[in-house]
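Coordinate inspection notes
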Amino acid sequence: MKHDKQDQGAGMDMAGSGVSILSVTQATSATFTDLYFTQTFLFFIETGSKRVKCPTNGEVIGEAGDVLIFPPGSVVTLENRPILKARYRADGVCFPHDLVDRVFADQPQRATSPGIQVLRAAAHRPSEILDLIKETLGRDDLPPAIRQHRFLEPLIWLRQKGVSLPKRGEEQPWGKVRRLIETDLGHPWRVAEVAGHFAMSEASFRRWLARSGPGFARILFNTRLEKGLTLLQSTDLPISQIALDCGFKTPSHFSDSFRKRFGITPRMIRFAEE
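Residues numbered from 1 in each chain as written. Predicted model: local features only at pLDDT ≥ 70, side-chain atom pairs only at ≥ 80, totals over all residues. Heavy atoms only, no water.

**Describing the state of the cysteines**
What counts here: The disulfide definition used here is simple: a pair of cysteine sulfur atoms within 2.5 Å.
Scanning all chains against the criterion turns up zero disulfides. Unpaired in terms of disulfides, C54 finds its nearest cysteine sulfur in C94, a separation of 18 Å. Of the cysteine sulfurs around C94, a residue in no disulfide, the closest is that of C246, at 17 Å.

**Details of unusual backbone geometry**
Just so we agree on the cut-off: Residue burial is assigned from relative accessible area. The probe radius is 1.4 Å, only protein chains are included, and a residue is buried under 20% of its type maximum, exposed over 50%, and partly exposed in between. Only DSSP runs of H or I with at least four residues qualify as helices, and only runs of E with at least two residues qualify as strands; both kinds are numbered from the N terminus onward.
Of note, K85 is a non-glycine position whose phi angle comes to about 65°, a positive value. Judged by its relative accessible area of 83%, K85 falls in the exposed class. Despite not being glycine, R125 shows a phi value in the positive range, around 50°. By secondary structure assignment, the location of R125 is in the loop between helix 2 (121-124) and helix 3 (126-137). Under the relative-accessibility criterion, R125 is labelled exposed at 52%.

**What about the pattern of salt bridges?**
Where we set the bar: By salt bridge we mean one thing: a side-chain nitrogen of Lys or Arg within 4 Å of a carboxyl oxygen of Asp or Glu.
In this structure the tally under the stated criterion is 13 salt bridges. R51 is the partner of E79 in a salt bridge, and the nearest nitrogen-oxygen pair spans 3.0 Å. A residue pair is termed long-range when its members are at least 10 positions apart, and E79 in strand 8 (residues 74-81) and R51 in strand 5 (residues 49-54) qualify at 28 residues. For E79, a relative accessible area of 12% puts it in the buried group.

Keep in mind these values describe shape, not function.
As structure tokens, then:
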């Protein structure tokens with residue numbers, strides 16, 4: 001049975017706007033390198049802190065009550081930091097490109113990404129916007145037009161606070177491959193099959209990927225591990241089930257691969273070491 005990260009512990013807009021929210025918890029401090037964010041993400045921190053190394057803005061730290069804004073296409077290294085006797089907790093809200101473009105498309109476009117941005121709790125009270133998002137997600141009686149208008153409000157609020165979000169540009173080849181893989185992480189993807197999806201020979205496909213960064217094996221490996229990380233943080237699915245859902249043949253293979261990339265075991269995401 002295939003599970004989605006929103007099956008448990010997360011809200012999804014059933015009216016089709018594409019806005020979703022997931023509750024992230026983490027028991028052990030850990031640094032995650034080269035995480036890729038396909039869409040615009042807002043992280044509202046409840047407890048603990050988040051440290052992000054951003055190529056544009058350097059080190060950005062969000063504390064409890066702050067909101068961090070991740071533009072689409074961000075590739076970052078981040079650390080979620082629990083505090084003594086309390087897990088790291090945050091709500092992550094994802095906005096689709098079309099909603100973001102409706103609010104930000106007419107902004108003067110920058111030559112580079114605006115990078116990770118933060119709005120502080122004391123000055124901006126981000127929790128009020130989070131409450132609006134949660135209430136809208138929880139209301140299935142709202143007409144679609146009103147629901148969509150409500151989801152535009154947080155983006156308008158961000159713009160008024162000086163946040164900049166880039167207009168959707170041409171997606172990198174490796175990003176397109178990731179999106180394909182994410183449609184079914186448990187599928188045994190092979191280079192020839194994926195190349196055919198993009199109407200290329202295998203040789204042409206490898207050259208196409210080489211122009212933008214990692215090769216196919218690395219893209220597949222990272223996509224599966226990052227999905228596994230999300231499921232560990234935002235659901236209570238058994239680790240063995242997550243391993244299979246993400247395309248790993250055995251839980252031990254998933255655990256070993258996870259530890260090699262992130263430096264901790266999957267179990268440590270959920271349970272602090274004594």
